[in-house]
Amino acid sequence: MAKLNGIRKTKDGIDIYAPSDFEGMRKAGAVAAKILDDVIEVIEPGQATATIDNFVEQKIAEYGVTSATIGYRGYQHATCISVNHVVCHGIPGDKKITDGDILNIDVTVIVDGWYGDTSRMYVAGKLPRKSERLIQVTHDALFKGIEMVRPGATFGDIGQAIQSYVEGNRMSVVRDFCGHGLGKVFHAAPNVLHYGRAGTGPVLEEGMFFTIEPMVNLGRPETKILADDWTAVTRDRSLSAQFEHSIGVTADGFEIFTLSPAGKFHPTYSA
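Rules used throughout
Residues numbered from 1 in each chain as written. Predicted model: local features only at pLDDT ≥ 70, side-chain atom pairs only at ≥ 80, totals over all residues. Heavy atoms only, no water. Axes fitted to C-alpha atoms, helices over the stretch in contact; angles between N-to-C directions. Helix = DSSP H or I, 4+ residues; strand = E, 2+ residues; numbered from the N terminus. Parallel < 35°, antiparallel > 145°, perpendicular 65-115°, else oblique. Left-handed = near helix turned anticlockwise from the far one by under 90°. Contact = heavy atoms within 4.5 Å. Nonpolar A, V, L, I, M, F, W, Y, C, P; charged D, E, K, R; others polar. Expected span 1.5 Å × (residues − 1). Buried < 20%, exposed > 50% of the residue type's maximum accessible area, 1.4 Å probe, protein only. Polar contact = N/O pair within 3.5 Å; in protein donor to acceptor, adjacent residues only side chain to side chain. 1 Å grid on protein atoms, 1.4 Å probe; cavity = no way out; pocket = protein on both sides within 12 Å on 5 of 7 lines; lining within 4 Å. Points joined across faces, edges and corners; volume = space filled by probe spheres on them. Pairing = 2+ DSSP bridges.

K.L.:
Outline the packing of helix α3 (residues 129-146) against helix α4 (residues 155-168), listing residues and values.
P.N.:
Close contact between α3 and α4 brings their axes to 8 Å; oriented N to C, the two are set at 150°. One element, α3, and the other, α4, form an angle in the roughly antiparallel class. Judged by the sense of rotation from one axis to the other, the crossing of α3 with α4 is right-handed. In this structure, α3 contributes V137, D140, A141, K144 and G145 to the contact, and α4 contributes I158, A161, I162, Y165 and V166. Residues of the contact of α3 with α4, tallied by class, amount to seven nonpolar, one polar and two charged.

What follows is the structure, encoded as structure tokens:
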């Protein structure tokens, strides 16, 4: 196992952080989660997604932290806001959300050099029944994956748990996007797939930090990228949902760094 800048790397190139590094991730994750709690107050029909993004940018400044996405590969917003059939990387703009829309808001902040990355679902107005079921399955699939996290398990165990649960509910897991390692960098090894076979892939070790962020579609799993080179949508225009947590592998399991301080990770505030 090699060392780089004091961080050990596995043979698969995955960073292994020290126990003392967990505190940095806790702080970064807590700020990101608090911002997603705060933004609830501006989610309502008639609100432009750019207004929501501006609110988040103001909160980032208020908390004295840095946006990881403004300036990242040319991106110029503090959030990605993905509405209805947008799978991920939706760009905030003048389009207004309407009653019954569902939206994922994804925020990443940098706190003292550590990255906190999380996203969750929101609802504008009244929640339609089919959207409610999609959101619940996606939420529960994330936690099915998280429950697999412990030293000695594999990343395939995580993917298999998510895929089997989603497909058992007659929905589909997006294959084109995945979770990722993070810590002192925004994106690093490994790619955390939300599908796969148990017992395959790199073995989890204490000190690994990564996101699990399943994207689930009501229809087929295929996506396409729009002309802006960012926005990914479902090819069949079916609804899509996503939840994301930043995770650390502990000696006997996992720690979630991005838990909602107010208990509002789920849009009905039940989890």
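K.L.:
For α4, give the residues involved together with the corresponding values.
P.N.:
With 14 residues, α4 extends 20 Å between its outermost C-alpha atoms, agreeing within 8% with the 20 Å of an ideal straight helix rising 1.5 Å per residue. For α4, the elements touching its buried residues are α3, β9 (172-173), β11 (188-192), β12 (209-212) and β13 (215-217).

K.L.:
So, the environment of S82: which residues are in play, and what are the values?
P.N.:
Within the secondary structure layout, S82 lies in strand β5 (residues 80-83). On the accessibility criterion, S82 (3% relative accessible area) is buried. As for S82 and I102, which are separated by 20 residues in sequence, their C-alpha atoms are 8.4 Å apart. When near neighbours in sequence (up to four residues on either side) are disregarded, S82 contacts V87, C88, H89, G90, I102, L103 and N104. Here the side chain of S82 touches H89 through a polar contact of 3.4 Å, landing on its backbone nitrogen. Among the polar contacts listed, one links the side chain of S82 to the backbone nitrogen of G90, at a separation of 3.2 Å.

K.L.:
Describe in detail the layout of surface pockets, supporting the description with residues and values.
P.N.:
Think of a ball as big as a water molecule: rolled over the atoms, this probe shows where empty space is left. In this structure, the largest pocket encloses a volume near 500 Å³. Lining the largest pocket are 25 residues, with Y72, H89, H180, F186 and H187 positioned closest to its centre. At the level of secondary structure, the elements contributing two or more residues to the lining of the largest pocket comprise β7 (102-111), β10 (179-181) and β11. For the lining of the largest pocket, a count of residues per class yields twelve nonpolar, eight polar and five charged. Computed from the structure, the second largest pocket encloses a volume of approximately 320 Å³. Lining the second largest pocket are 19 residues, with T49, I81, V83, V86 and K95 positioned closest to its centre. Here the residues of the lining of the second largest pocket are counted per class, giving eight nonpolar, six polar and five charged.

K.L.:
Give me the sheet that holds β9: which residues, what numbers.
P.N.:
A sheet is described by the order of its strands in space; here three strands give the open sequence β9-β13-β16, paired in antiparallel fashion. The sheet is open, and its two borders are formed by β9 and β16 (240-242), each paired with just one other strand. In this structure, β13 lies alongside β16, joined through three bridges in antiparallel fashion. If you follow V216 over to β16, its bridge partner there is A241. Sheet strands touched by α3: β13 and β16. Its angle to β16, the strand with the most contacts, is close to 35°.

K.L.:
So what's going on with unusual backbone geometry? Residues and values would help.
P.N.:
In this structure, P190 follows A189 across a cis peptide bond, with omega equal to 5°. Relative to the helices and strands, P190 resides in strand β11. Of note, the phi angle at R73 is positive, near 50°, even though the residue is not glycine. Along the chain, R73 turns up in the loop between β4 (66-67) and β5.

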